[in-house]
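What follows is the residue order along each chain.
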Amino acid sequence: MVCSRCGKFLEEEDRRTHGREILCEDCYMDILSPPRTCDPWATFTASRLKEQVLSPAGERIVERIGHEPPPTFEELMQITGLDAKALEREIAALRHAERIRAVMLPEGKKGFAPFQA
């Protein structure tokens, strides 16, 4: 049996169902809880933490964003080695913590820059 979203092979005990789809746990969680970069409650909560501990990927993202020009999503994928889904979650967490923000680049692409209050 394979996941109908990502094609990963599944053991019987590892499969999840959502509607008519048979999913792996990762795809199932993405359906139930997709990353949201604009979440006022998450931003309120994260901004009030006394200490914000970043993941290793988060640290690489913040370090790169501190330099010009602003990196694109694709560049951040290369820097971190994360796939698109994992990078979306990392970016959402950094935006909630008010560490980064999205910016429009001259060529019409979206880039990322340091957060400015």
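Structure first, text after, so check above.
This structure is a prediction, so every number in the text was calculated from the model and none was measured.

Chemist: An account of unusual backbone geometry is needed here, citing residue identities and associated values.
Modeler: A cis amide bond, omega -10°, links Glu68 with the succeeding residue Pro69. Relative to the helices and strands, Pro69 resides in the loop between α3 (56–65) and α4 (73–80). Although it is not a glycine, Glu98 sits at a positive phi angle of roughly 55°. Looking at the element boundaries, Glu98 is found in the loop between α5 (84–96) and β3 (100–104). Here Glu98 falls in the partly exposed class, since its relative accessible area comes to 33%.

Chemist: Describe the pattern of salt bridges, listing the residues and the values that go with them.
Modeler: Pairs can form between side chains of opposite charge once their charged atoms are near each other. Enumeration according to the criterion identifies six salt bridges in this entry. A salt bridge links Glu21 to Arg5; the shortest N-O distance between them is 3.2 Å. One end of the pair, Glu21, is in strand β2 (residues 21–23); the other, Arg5, is in the segment before β1 (16–18), with 16 residues separating them in the sequence. For Glu21, a relative accessible area of 24% corresponds to the partly exposed category. A residue is classified by how much of its surface remains accessible, and Arg5, at 51% relative accessible area, is exposed. Its salt-bridge partner being Arg16, residue Glu25 comes within 3.9 Å of it at the nearest N-O pair. A relative accessible area of 45% means that Glu25 is categorised as partly exposed. Salt bridges here are not isolated pairs; linked through shared partners, they connect Asp30, Lys85 and Arg89.

Thresholds, definitions, all that
- Residues numbered from 1 in each chain as written.
- Predicted model: local features only at pLDDT ≥ 70, side-chain atom pairs only at ≥ 80, totals over all residues.
- Heavy atoms only, no water.
- Helix = DSSP H or I, 4+ residues; strand = E, 2+ residues; numbered from the N terminus.
- Buried < 20%, exposed > 50% of the residue type's maximum accessible area, 1.4 Å probe, protein only.
- Salt bridge = Lys/Arg side-chain N within 4 Å of Asp/Glu carboxyl O.

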